[in-house]
Amino acid sequence: MTDHAFDAVAQKLGPYREALLALPEPVKRQAFDIRFKLGQPPALFGREGVFFLSGRGAVRHFSRELPGLNAAQMEELLLHICGYSIFSHEEELRQGFVSLGACRAGVCGTAVEGEGGVRGLRDVTSLVFRVPRDFPGCGDRLFQSGADLAAGVLVAGEPSSGKTTLLRDIARSLSLGRFGPCRRVAVLDCRGELGGWDLGPCADVLRGFPKAQALDIALRTLSPEIILCDELAPEDLDAVERAMFAGVGLIASVHARGASPQDRPLCRALLETGAFPTLAALSGRASPCQIASVEAFRWEALPRHMRAGT
């Protein structure tokens, strides 16, 4: 069976397209990202470890004989994924990524600073392409747990544990009414990863907006019952509270690792807003999209500045 998700990313990678498409299907299926690093051979990272591209396809062990990428090759690959228009991706590059439809490329290099912060990147040293996959039904356990998703859910997991894929499936199930009436869902796709698949008749996607701005637009113009977004950060706490006090359920993800994600400072701060009465923890990168636990969390829903001790 062909891994269409891997091939879709490989198709975007210009000079490496043919070599990647020719890899054995078992190698493709286990990969969750494709990495290009200055001075090193292209590599695939996945459930089975690391595979390095070579003239023979892919090998498991690193060798100095494997050809590394030079600066010209890195620059050409970056130009290629930007459609030979760096300017059109300037805002994304300031945030360290390039959106490629349903996937994104993480970009590492030297920050070019200016008035107001980072203006861009130069001397690119790494490009990391995530391989997005769709697993319909992976969110069913959350619906079957009895949790009230419309009241808010926080999904916690480490990188590559399947948070984005799970959120996409939840959005689709809500939109299609698979476990109840169809729900109006506003999807805040800030980095172009949540969309790209059919999310059903009742899901509206705001793509490429900064999260706080997208949330305000959704509240003012889309009449959502539920807002769904990926990878909350400390600067999103105010936006989370705005959604909660507007009477809209929020389903979002956060980076957290371990058996007790609620003990992580950011995760606990988000839970303490009162916006997330349900916490769903993922198993980890070894079992992507697998929900390890679903638990209720109760907190007095007061703005942070009004809580005792703050």
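Whatever comes next refers back to the structure up there.
Residues numbered from 1 in each chain as written. Predicted model: local features only at pLDDT ≥ 70, side-chain atom pairs only at ≥ 80, totals over all residues. Heavy atoms only, no water.

## With respect to the overall build of the protein
To keep it simple, the criterion reads: Strands here are runs of E lasting at least two residues and helices are runs of H or I lasting at least four, both read from the DSSP assignment and numbered beginning at the N terminus. We compute the radius of gyration from the C-alpha atoms alone; for a globule the expected value is 2.2 Å times N to the 0.38, where N is the number of residues. Only protein chains enter the accessibility calculation, which uses a 1.4 Å probe; a residue whose area is less than 20% of its type maximum is buried, one above 50% is exposed, and one in between is partly exposed. Should any heavy atoms of two residues lie within 4.5 Å, those residues are counted as being in contact.
Helix and strand counts for the protein come out as ten helices and 14 strands. Whereas a compact globule of 310 residues would reach a radius of gyration of roughly 19 Å, the protein reaches 20 Å, a difference of no more than 12%. For the protein, buried positions account for 47% of its 310 residues. Intrachain contacts of the protein at a sequence separation of at least 6 include 59% that bridge at least 24 residues.

## A short note on unusual backbone geometry
Positioned with a positive phi, Asp 123 is a non-glycine residue whose angle comes to about 50°. Summarising the element assignment, Asp 123 is placed in strand E7 (residues 117–130). You will see that Ser 223, though not glycine, has its phi angle at about 50°, which is positive. If you trace the backbone, Ser 223 turns up in the loop between helix H8 (211–221) and strand E11 (226–229).

## As for H8
The criterion, for reference: Picture the helix axis, draw a direction to every C-beta atom, and the arc is the one those directions span.
Those residues of H8 lying buried are Lys 211, Ala 214, Leu 215, Ile 217 and Ala 218. Projection of H8 onto a plane perpendicular to its axis shows the buried side chains occupying an angular sector of 165°, all on one side. Turned more than 90 degrees away from the buried face of H8, the exposed residues are Arg 220 and Thr 221. Buried residues along H8 sit against strand E9 (185–189), strand E10 (203–207), E11 and helix H9 (237–245). Backbone geometry just after H8 places Ser 223 at a positive phi near 50°.

## As for the pattern of salt bridges
For the record, the criterion: Salt bridges are defined by distance alone: a side-chain nitrogen of Lys or Arg within 4 Å of a carboxyl oxygen of Asp or Glu.
Considering all chains together, one arrives at 19 salt bridges under this definition. Lys 211 is the salt-bridge partner of Asp 236, the closest N and O atoms lying 3.6 Å from each other. With Asp 236 in the loop between E11 and H9 and Lys 211 in helix H8, this pair connects stretches of sequence that are 25 residues apart. For Lys 211, a relative accessible area of 15% corresponds to the buried category.

## Topic: the pairing of strand E12 (residues 249–255)
Put simply, the rule reads: DSSP-based pairing: two strands are paired if at least 2 bridges between them are found. Consider the strands pointing away from the viewer: the crossover is right-handed when the path from the first strand over the helix to the second runs clockwise.
Across the seven residues of E12, six count as buried, placing the element largely inside the fold. One ladder, built from five bridges, connects strand E8 (residues 153–157) with E12; its direction is parallel. Paired with Leu 154 across the strands is Ala 252, a residue of E12. Where E11 lies against E12, four bridges are found, and the strand directions are parallel. In the strand pairing of E12, Ile 226 is matched with Gly 249. The β-α-β motif built from E11, the intervening H9 and the parallel element E12 has right-handed crossover chirality.

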